[in-house]
Amino acid sequence: QKREGLYFGFWKVSIKLSRAIAIALSGILLQWAGYNGTELSREAQGERIAFLFGPVVGTFFAAGALIFLAMPLTAEKHAQVQRILIKKKEKFS
């Protein structure tokens, strides 16, 4: 059975869901920082926003890097994946 449509649909829904969560979360975090949409009324609010875009974002980048380091793609694994894809393509052709 060909399942490309299912995978594509799932991928698109996942992207839209992650964007919706990110937008909602950014609004909540900006509200927590005290940003009202027009100006920063206190210096502490600016520090909170700087903290959100500095160490917090950096932590997510570091976590992503660690995840990718835990799953190395060696030449052997790449060749294995290519063989599997070729077999599947021949099977469905």
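As the structure is a computational prediction, the values presented were derived from the model and not from experiment.

Cut-offs used in this document
Residues numbered from 1 in each chain as written. Predicted model: local features only at pLDDT ≥ 70, side-chain atom pairs only at ≥ 80, totals over all residues. Heavy atoms only, no water. Helix = DSSP H or I, 4+ residues; strand = E, 2+ residues; numbered from the N terminus. Rg over C-alpha atoms; globule rule 2.2 N^0.38 Å. Areas by Shrake-Rupley, 256 points an atom, 1.4 Å probe, with all protein chains shown as cover. Lys, Arg positive; Asp, Glu negative; His and termini not counted. Charge placed at Lys NZ, Arg CZ, Asp CG, Glu CD. Axes fitted to C-alpha atoms, helices over the stretch in contact; angles between N-to-C directions. Contact = heavy atoms within 4.5 Å. Nonpolar A, V, L, I, M, F, W, Y, C, P; charged D, E, K, R; others polar. 1 Å grid on protein atoms, 1.4 Å probe; cavity = no way out; pocket = protein on both sides within 12 Å on 5 of 7 lines; lining within 4 Å. Points joined across faces, edges and corners; volume = space filled by probe spheres on them. pLDDT = per-residue confidence, 0-100. Expected span 1.5 Å × (residues − 1). Bend = angle between axes of the 7 residues up to and from the residue. Buried < 20%, exposed > 50% of the residue type's maximum accessible area, 1.4 Å probe, protein only. Patch = residues over 30% accessible without salt bridge, like charges linked within 9 Å, V, L, I, M, F, W, Y side chains within 5 Å. Salt bridge = Lys/Arg side-chain N within 4 Å of Asp/Glu carboxyl O.

### What about the overall build of the protein chain?
Of the regular secondary structure elements, the protein chain holds three helices and zero strands. Its helices and strands taken in sequence order, the protein chain reads α-α-α from the N to the C terminus. Whereas a compact globule of 93 residues would reach a radius of gyration of roughly 12 Å, the protein chain reaches 21 Å, over 25% beyond that. Per element, the accessible surface of the protein chain, about 8400 Å² overall, is 68% carbon and sulfur. Within the protein chain, the 6 negative side-chain charges are centred at a point lying 16 Å from the centre of the 13 positive side-chain charges.

### A look at the packing of helix H1 (residues 4–33) against helix H2 (residues 43–70)
Interaxial distance between H1 and H2 falls to 8 Å at its minimum, and their mutual angle equals 145 degrees. Taken together, the residues of H2 that come into contact with H1 (itself represented by Leu29, Leu30, Trp32 and Ala33) are Gln45, Arg48, Ile49 and Leu52. Its residues assigned to classes, the contact of H1 with H2 shows six nonpolar, one polar and one charged.

### A word on the layout of surface pockets
By volume, the largest pocket is sized at about 270 Å³. In terms of lining, the largest pocket is formed by Ala22, Leu25, Ser26, Leu29, Leu30, Leu52, Phe53, Val56, Val57 and Phe60. Among the elements of the structure, H1 and H2 are those that each provide at least two residues to the lining of the largest pocket.

### Overview of the confidence of the model for the protein chain
For the protein chain, the average pLDDT comes to 84, and 95% of its residues sit at 70 or higher. Confidence scores differ between elements of the protein chain, with H2 showing the lowest mean pLDDT of 85 and helix H3 (residues 75–92) the highest of 89.

### Observations regarding H2
Look at H2: 40 Å from first C-alpha to last across 28 residues, which is about the 40 Å you get at 1.5 Å a residue. Phe51 marks the point of greatest bend in H2, at about 30 degrees, and the proline Pro55 comes within the next four residues. Listing the buried residues of H2 in full gives Gln45, Ile49 and Leu52.

### Quick word on the environment of Gly34
Tracing the backbone through its elements, the reader meets Gly34 in the loop between H1 and H2. By relative accessible area, Gly34 is classed as partly exposed at 25%. Taking the C-alpha atoms as reference points, Gly34 and Lys16, separated by 18 residues in sequence, lie 27 Å from one another.

### Notes on a nonpolar patch on the surface
Taken together, the side chains of Leu25, Ile28, Leu29, Trp32 and Phe51 make up a nonpolar region of the molecular surface, amounting to roughly 490 Å² of accessible area. Top contributing element to the nonpolar patch by residue count: H1, with four residues.

### Considerations on the environment of Gln45
Considering the arrangement of structural elements, one finds Gln45 in helix H2. Gln45 gets classed as buried once you look at its relative accessible area, which sits at 4%. In this structure the C-alpha to C-alpha distance between Gln45 and Trp32, which are 13 residues apart in sequence, comes to 8.7 Å.

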